[in-house]
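This is what each chain is made of:
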Amino acid sequence: MSLEVQNLYKQYGEQWAVNDVSFTVGEGEIVGFLGPNGAGKSTTMKIATCYLPPTAGTVRINGLDVLEHPLRVRQQLGYLPEHNPLYLDMYVHEYLRFIGSVHKLSGKRLKQRVGEVVALCGLEREQNKKIQALSKGYRQRVGLAQALVHDPSVLILDEPTTGLDPNQIEEIRGVIRSISARKTVVFSTHIMQEVQALCQRVVIINRGRVVADSPVSRLQQQPAGGRLIRVEFEAPINPELFARLEGIRQVEEAGASQYLLHTTDDLQVRSRIFRLAADNDLPLVGLRLEENSLENVFRELTQQQPSEA
Ligand SMILES: Nc1ncnc2c1ncn2[C@@H]1O[C@H](COP(=O)(O)OP(=O)(O)OP(=O)(O)O)[C@@H](O)[C@H]1O
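Looking at an unreviewed UniProt entry, one finds the protein named Putative ABC transporter ATP-binding protein YbhF, with Cesiribacter andamanensis AMV16 as its source organism. The heading Sequence similarities (unreviewed entry) in the UniProt record of the protein holds the text "Belongs to the ABC transporter superfamily."

Now the structure itself:
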């Protein structure tokens with residue numbers, strides 16, 4: 001089970017919305033697809049789900065090329081588009097049966113699958129209502145249920161929690177988490193906590209290009225420009241002392257007697273700090289590598305402007 005995006009390009013007029021994007025997602029993986037507005041996330045997802053042809057490049061779902069085998073791909077793929085198009089006049093149950101039948105489910109199997117996704121997505125109490133009567137959060141659950149009804153092995157979700165309240169966000173995340181063990185899941189979001197809550201790995205794109213593809217933990221430990229070290233002394237010191245040390249790019253005061261040192265990716269810097277403290281008789285009471293926040297990493301990576309092709 002997998003999704004493979006290889007050297008994907010999409011051009012709109014003069015603009016390259018997707019510009020040589022490659023990444024893969026394996027079975028049981030849940031990957032966050034991040035990028036600022038207009039980065040090319042939805043376009044990539046639409047190509048991966050057979051809704052849009054690429055200008056060049058390939059997407060394979062479980063080894064099947066989306067252009068060569070669109071019908072077989074659709075059987076193995078669940079998609080929740082950014083603007084979840086629902087038939088508002090249909091009852092929830094009726095709509096899910098309809099989507100299931102489009103996927104060639106019928107009889108007992110159709111009934112069973114509709115029952116399963118209704119339960120999984122917490123729609124038991126709403127299933128006999130018309131979709132137009134549902135709140136935004138419940139409509140989103142219906143969107144998720146329709147993406148799951150044919151039990152696809154690969155799920156592509158475009159901003160699944162946008163516009164939901166915090167309780168609904170947590171519930172939708174719970175559903176995604178519970179299905180992800182057996183499936184390949186890619187979802188786009190702008191919300192960093194969402195990535196931390198759900199993903200092992202992130203792919204970040206900016207202006208159509210991949211600028212990071214990394215486990216979340218590694219991205220936080222090794223931000224683009226180096227490492228962050230927090231040091232604490234018994235009493236405040238003159239921060240200019242750090243400026244003499246090789247490997248320190250920037251010094252931030254971070255509370256009483258604490259300093260955040262932006263360093264190059266050079267662990268020797270720690271022993272230099274110890275020596276500085278000893279040589280100047282400054283009691284050092286703490287020194288540790290800090291995790292950079294995902295927000296910082298995202299900002300650093302997406303403020304760089306890759307050149308247009
Ligand atoms: N049909 C279209 N015609 C022309 N340009 C388009 C079309 N669809 C998208 N674009 C442009 O392609 C770029 C990428 O858009 P896309 O919707 O893929 O970005 P996104 O990362 O999903 O953004 P957002 O987070 O705002 O949803 C944008 O500059 C957008 O204006």
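Could you clarify how one ought to interpret the packing of aromatic side chains in this entry?
Centre distance and the angle of the planes are the two values used to describe a pair of aromatic rings. Per the counting criterion, the structure on display carries 8 aromatic pairs. When the ring of Phe23 is compared with that of Phe33, the centres are 5.2 Å apart and the planes differ by 35°; the resulting orientation is tilted. Of this pair, Phe23 sits in strand β2 (residues 15–25) while Phe33 sits in strand β3 (residues 30–34), and the two are 10 residues apart along the sequence. Each member of the pair Phe23 and Phe33 is classed as buried. Judged by centre distance (5.8 Å) and plane angle (85°), the rings of Tyr87 and Phe98 are edge-to-face. With Tyr87 in the loop between β6 (77–80) and α3 (92–102) and Phe98 in helix α3, this pair connects stretches of sequence that are 11 residues apart. Since its relative accessible area comes to 47%, Tyr87 is described here as partly exposed. Ring-pair connections join several aromatic residues into one group, and the members of that group are Tyr87, Tyr95 and Phe98. Of note, Arg74 hangs over the ring of Tyr51, and the distance from its end group to the ring centre comes to 5.3 Å. It is Arg141 that lies over the ring of Tyr138; its NZ or CZ is 4.6 Å from the centre.

How should the packing of helix α5 (residues 136–148) against helix α6 (residues 166–180) be read in this particular structure?
Relative orientation and spacing of two packed helices are given, respectively, by the angle between their axes and the distance between those axes. Across the interface, α5 lies against α6 with an axial gap of 10 Å and an inter-helix angle of 10°. Classified by the interaxial angle, the pair formed by α5 and α6 is roughly parallel. The handedness of the crossing between α5 and α6 comes out as right-handed. Listed contacts from α6 to Gly137, Gln140, Arg141, Leu144 and Leu148 of α5 are Gln168, Glu171, Ile172, Val175, Ile176 and Ile179. For the contact of α5 with α6, the per-class residue count stands at 6 nonpolar, 3 polar and 2 charged.

It is not clear to me how the domain arrangement of the protein should be interpreted in this structure. Could you clarify?
Think of interface size as the accessible area that goes away when the parts come together; that is how it is often given. Here the domain parsing of the protein yields domain 1 (3–220) and domain 2 (227–291). On a C-alpha basis, the centres of domain 1 and domain 2 stand 45 Å from each other.

Honestly, the pairing of β2 in this entry has me stumped. Any pointers?
Regular strands have side chains that alternate between both faces of the sheet. Where strand β1 (residues 3–12) meets β2, 8 bridges bridge the pair, whose relative direction is antiparallel. By the bridge assignment for β2, Tyr12 is matched with Gln15.

Where do I start with the pattern of salt bridges in this structure?
When the charged atoms of two side chains lie near each other, side chains of opposite charge can form a pair. Taken as a whole, this structure holds 9 salt bridges when the rule is applied. Residue Glu171 pairs with Arg141 through a salt bridge whose shortest N-O separation is 2.0 Å. A residue pair is termed long-range when its members are at least 10 positions apart, and Glu171 in helix α6 and Arg141 in helix α5 qualify at 30 residues. With a relative accessible area of 38%, Glu171 lands in the partly exposed category.

The rules behind the values
Residues numbered from 1 in each chain as written. Predicted model: local features only at pLDDT ≥ 70, side-chain atom pairs only at ≥ 80, totals over all residues. Heavy atoms only, no water. UniProt positions renumbered as here; feature names shortened; annotations may be inferred. Phe/Tyr/Trp six-rings, centres within 6.5 Å; stacked < 30°, edge-to-face > 60°. Helix = DSSP H or I, 4+ residues; strand = E, 2+ residues; numbered from the N terminus. Buried < 20%, exposed > 50% of the residue type's maximum accessible area, 1.4 Å probe, protein only. Lys NZ or Arg CZ within 6 Å of the ring centre and 35° of its normal. Axes fitted to C-alpha atoms, helices over the stretch in contact; angles between N-to-C directions. Parallel < 35°, antiparallel > 145°, perpendicular 65-115°, else oblique. Left-handed = near helix turned anticlockwise from the far one by under 90°. Contact = heavy atoms within 4.5 Å. Nonpolar A, V, L, I, M, F, W, Y, C, P; charged D, E, K, R; others polar. Domains from an automatic or database assignment. Pairing = 2+ DSSP bridges. Salt bridge = Lys/Arg side-chain N within 4 Å of Asp/Glu carboxyl O.

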